[in-house]
Amino acid sequence: MGIDSAALLVSAGVASGLAGSIAGLASLFSYPALLAVGLPPVAANVTNTVALFSNTVGTAAGSRAELRGQRDRLLRLGVIAALGGAVGAALLLGTPSSAFETVVPWLIALGSVLILVRDPLRRLVASRSPSLAHTARPTLPLACAVLLVGLYGGYFGAASGVLMLAVLSLSATEPLPVTNAVKNIATGAANVTAAVAYVAVAPVNWAAAVALGLGALLGSRLGPVVVRRLPETPLRIAIALGGLGLAISLWH
């Protein structure tokens, strides 16, 4: 790999780390960068998953304040998401991708819309079942949703953070920085299990993964600091619009 390609991947990694930790859109920058340096789509996908492990490390380090007291919740959600990630990796390695990829833009668009209408949906949930509106415990619908998002994250992953943020935003009433930090760990659990599978049997380009991962580590460490300082509503709208933009780009 040449110096120019390595520099491109490090820069894309920084952008991916910021976008992933803030908005769940890490692959918006990292996946196209891997294609740009010449990796074929499958190799780019698995290399991207392995490289973005550093995203989880960086966001965990940067979100210690938001994650304080969340250990039991993170353990429950992480196990469910990790199981989904393992299933998603198995699907990628063992099945054709065309049918699933057709659904991907619709899933991303749905998650983005759910983030936009989070508050009215929370009020609806509260009116129907007040006990569900203020709990972060994984009820069966929440567990199923986290499992499916984890599966998607292990399979392809673009905007899986948007989907996870939408799911978690509807499951508990709490500040966005806290939900965002929990989202990063849950999606990271799915990513890690998929990455382990890809390291064992898939065509990971290690030079590209290291360059991208180093940049993502830096960007993801800074992301929680940005989330902590930005007003919640504009940030939530920006995340949703970014997700819709990615969905539209995938439709084309």
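Numbers given to residues run from 1 along each chain, matching the order in which its sequence is written. Only residues with pLDDT of 70 or above have their local features reported here, since the model is predicted, and side-chain atom pairs are shown and tallied only from 80 upward, although totals for entire chains, interfaces and linings are computed over all residues. Just so you know, side-chain values use all the structure's heavy atoms and leave hydrogens and water out.

**Some remarks on the overall build of the protein**
If you tally the helices and strands in the protein, you get 14 helices and 0 strands. A run of DSSP states H or I qualifies as a helix once it reaches four residues; a run of E qualifies as a strand once it reaches two. Both are numbered from the N-terminal end. Scanning the protein from its N terminus toward the C terminus, one meets helices and strands in the order α-α-α-α-α-α-α-α-α-α-α-α-α-α. Sequence-distant contacts in the protein: of pairs separated by 6 or more residues, those separated by 24 or more amount to 83%. Throughout, the Shrake-Rupley method with a 1.4 Å probe supplies accessible areas, and for residues the shown protein chains are the sole cover considered. Carbon and sulfur atoms make up 72% of the accessible area of the protein, which amounts to about 11000 Å² in all. The contact rule is simple, with two residues in contact once any of their heavy atoms fall within 4.5 Å.

**Comments concerning the side chain of Ser16**
The residue Ser16 is located in helix α1 (residues 3-23) in this model. Residues within four places of Ser16 in sequence aside, it is in contact with Ala26, Phe29, Ser30, Leu52 and Asn55.

**Digging into a nonpolar patch on the surface**
Patches here: salt-bridge-free residues with over 30% relative accessible area, like charges joined within 9 Å, nonpolar side chains (Val, Leu, Ile, Met, Phe, Trp, Tyr) joined within 5 Å. Salt bridge, as used here, is a side-chain nitrogen of Lys or Arg placed within 4 Å of a carboxyl oxygen of Asp or Glu. There is a patch of nonpolar side chains on the surface, built from Val113, Leu116, Val117, Ile237 and Leu241 and spanning about 370 Å² of accessible area. Of all the secondary structure elements, the ones that give two or more residues to the nonpolar patch are α7 (98-116) and α14 (232-251).

**So, the side chain of Asn191**
By secondary structure assignment, the location of Asn191 is in helix α12 (residues 176-201). Judged by its relative accessible area of 11%, Asn191 is buried. Leaving out residues up to four positions away in the same chain, Asn191 has contacts with Thr49, Leu52 and Phe53. The cut-offs for exposure are 20% and 50% of the maximum accessible area for each residue type, with area from a 1.4 Å probe on protein chains only; residues under the lower value are buried, those over the upper are exposed, and the others partly exposed.

**Some thoughts on the pattern of salt bridges**
Taken as a whole, this structure holds 3 salt bridges when the rule is applied. The salt bridge partner of Glu66 is Arg228, with a shortest N-O separation of 2.7 Å. Taken together, the residues Glu66 in helix α5 (residues 64-67) and Arg228 in helix α13 (residues 206-229) connect sequence positions 162 residues apart. Judged by its relative accessible area of 11%, Glu66 is buried. Accessibility expressed as a relative area gives 37% for Arg228, which makes it partly exposed. Here Asp72 and Arg71 are joined by a salt bridge, their closest N and O atoms 4.0 Å apart.

**Here's the deal with the environment of Arg68**
Relative to the helices and strands, Arg68 is located in the loop between α5 and α6 (71-94). Under the relative-accessibility criterion, Arg68 is labelled exposed at 62%. Here the alpha-carbon distance between Arg68 and Val178, two residues 110 residues apart in the chain, equals 9.4 Å.

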